[in-house]
Amino acid sequence: MALREILVVPDARLKQVSQPVATVDDDLRALMDDMLETMYAAPGIGLAAIQIGVPKRVIVMDLAREGEDRQPRYFVNPEILWASDDTAPYEEGCLSVPEIYDEVERPARVKLRYLNYKGEQIEEDAEGLFAVCIQHEMDHLDGVLFIDHLSRLKREQAIKKVKKQAKAA
Ligand code: NI
């Protein structure tokens with residue numbers, strides 16, 4: 001396993017649309033292992049492959065609370081089969097937009113289909129933080145960041161702030 005560099009805004013690669021994965025093989029599992037390690041080190045609760053510069057439709061996630069055992073989850077080629085009409089707000093953040101948090105409104109519940117670490121097809125319902133996180137990460141696969149859901153002014157301020165931090169670092 002290896003730590004990978006996480007891309008931050010305004011890196012143009014984050015706007016790329018990621019491509020579906022043909023097969024879940026050992027190479028892909030090695031990528032997912034690297035992604036998980038990188039996410040834990042950050043630390044974060046979700047990471048899409050494009051955030052380390054790999055344009056594949058792959059997401060890792062761990063929503064375990066502090067003190068709980070790790071619960072790594074892997075989503076390959078995830079699709080949303082259904083989304084609720086009712087929405088819920090959540091204050092989101094993103095490893096590619098460090099230290100910026102703002103409220104985004106998304107469907108409160110979704111039904112998902114994806115391939116897991118073993119390449120098995122899974123259908124699952126998501127609500128609460130899981131629903132927020134999977135929708136946020138799936139946006140990354142289409143080149144969309146959570147700040148793209150905000151007003152243009154807020155988005156521009158966020159990018160400016162991140163650039164400033166990068167310069168100071
Ligand atoms: Ni993100």
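All of these numbers come straight from a predicted model, not from anything done at the bench.

Chemist: What is the right way to look at the layout of surface pockets in this model?
Modeler: Over the atoms, a rolled probe matching the size of one water molecule traces out where space is still vacant. Approximately 640 Å³ is the volume found for the largest pocket. Forming the boundary of the largest pocket are 28 residues, of which Pro43, Gly44, Ile45, Gly46 and Leu95 lie nearest the centre. For the lining of the largest pocket, the secondary-structure elements that each account for two or more residues are α1 (26-41), β4 (87-92) and α2 (128-141). Sorting elements by how many residues they give to the lining of the largest pocket places α2 first, with five residues.

Chemist: Even after reading the chapter, I still don't get the nonpolar core, so can you show me in this structure?
Modeler: One recurring pattern in soluble globular proteins: nonpolar side chains tend to sit buried together. Of all hydrophobic cores here, the largest spans 18 residues; its most connected members are Leu28, Met32, Met35 and Val60. Going through the elements one at a time, α1, β2 (58-61) and β3 (73-83) are the ones with two or more residues in this core. It is α1 that provides the largest number of residues to this core, a total of seven residues. Leucine 28 has contacts with Val21, Thr23, Lys56, Val58 and Val76, leaving out every residue within four places of it along the chain. Among the nonpolar cores identified, the runner-up in size contains 15 residues, and Met61, Phe75, Tyr114 and Ala131 belong to it.

Chemist: Please explain the side chain of aspartate 102 as it appears in this structure.
Modeler: Relative to the assigned elements, aspartate 102 resides in strand β5 (residues 102-107). A relative accessible area of 18% means that aspartate 102 is categorised as buried. For aspartate 102, the side chain forms a polar contact with the side chain of lysine 154, separated by 3.3 Å. The contacts of aspartate 102, once residues within four sequence positions are left out, are Tyr90, Glu91, Glu92, Phe146, Leu150 and Lys154.

Chemist: How do you make sense of the pairing of β3 when you look at a structure like this?
Modeler: If a strand is regular, its side chains alternate between the two faces of the sheet. Bridge analysis of β2 against β3 gives four bridges, and the strand direction is antiparallel. Counted as the bridge partner of valine 60 is tyrosine 74 from β3. The pairing of β3 with strand β6 (residues 109-115) spans five bridges and is antiparallel. From the neighbouring strand, glutamate 79 faces β6, where its bridge partner is arginine 113.

Chemist: I tried to follow a nonpolar patch on the surface on my own but got confused; where do I start?
Modeler: Judged by side-chain polarity, Ile45, Tyr90 and Leu129 come together as a nonpolar surface patch covering roughly 240 Å² of accessible area. Position of leucine 129 relative to the elements: it lies in helix α2. Here leucine 129 falls in the partly exposed class, since its relative accessible area comes to 32%.

Criteria and cut-off values
Residues numbered from 1 in each chain as written. Predicted model: local features only at pLDDT ≥ 70, side-chain atom pairs only at ≥ 80, totals over all residues. Heavy atoms only, no water. 1 Å grid on protein atoms, 1.4 Å probe; cavity = no way out; pocket = protein on both sides within 12 Å on 5 of 7 lines; lining within 4 Å. Points joined across faces, edges and corners; volume = space filled by probe spheres on them. Helix = DSSP H or I, 4+ residues; strand = E, 2+ residues; numbered from the N terminus. Core = buried A, V, L, I, M, F, W, Y, C linked by side-chain atoms within 4.5 Å. Buried < 20%, exposed > 50% of the residue type's maximum accessible area, 1.4 Å probe, protein only. Contact = heavy atoms within 4.5 Å. Polar contact = N/O pair within 3.5 Å; in protein donor to acceptor, adjacent residues only side chain to side chain. Pairing = 2+ DSSP bridges. Patch = residues over 30% accessible without salt bridge, like charges linked within 9 Å, V, L, I, M, F, W, Y side chains within 5 Å. Areas by Shrake-Rupley, 256 points an atom, 1.4 Å probe, with all protein chains shown as cover. Salt bridge = Lys/Arg side-chain N within 4 Å of Asp/Glu carboxyl O.

Any functional reading would require information that these geometric values do not contain.
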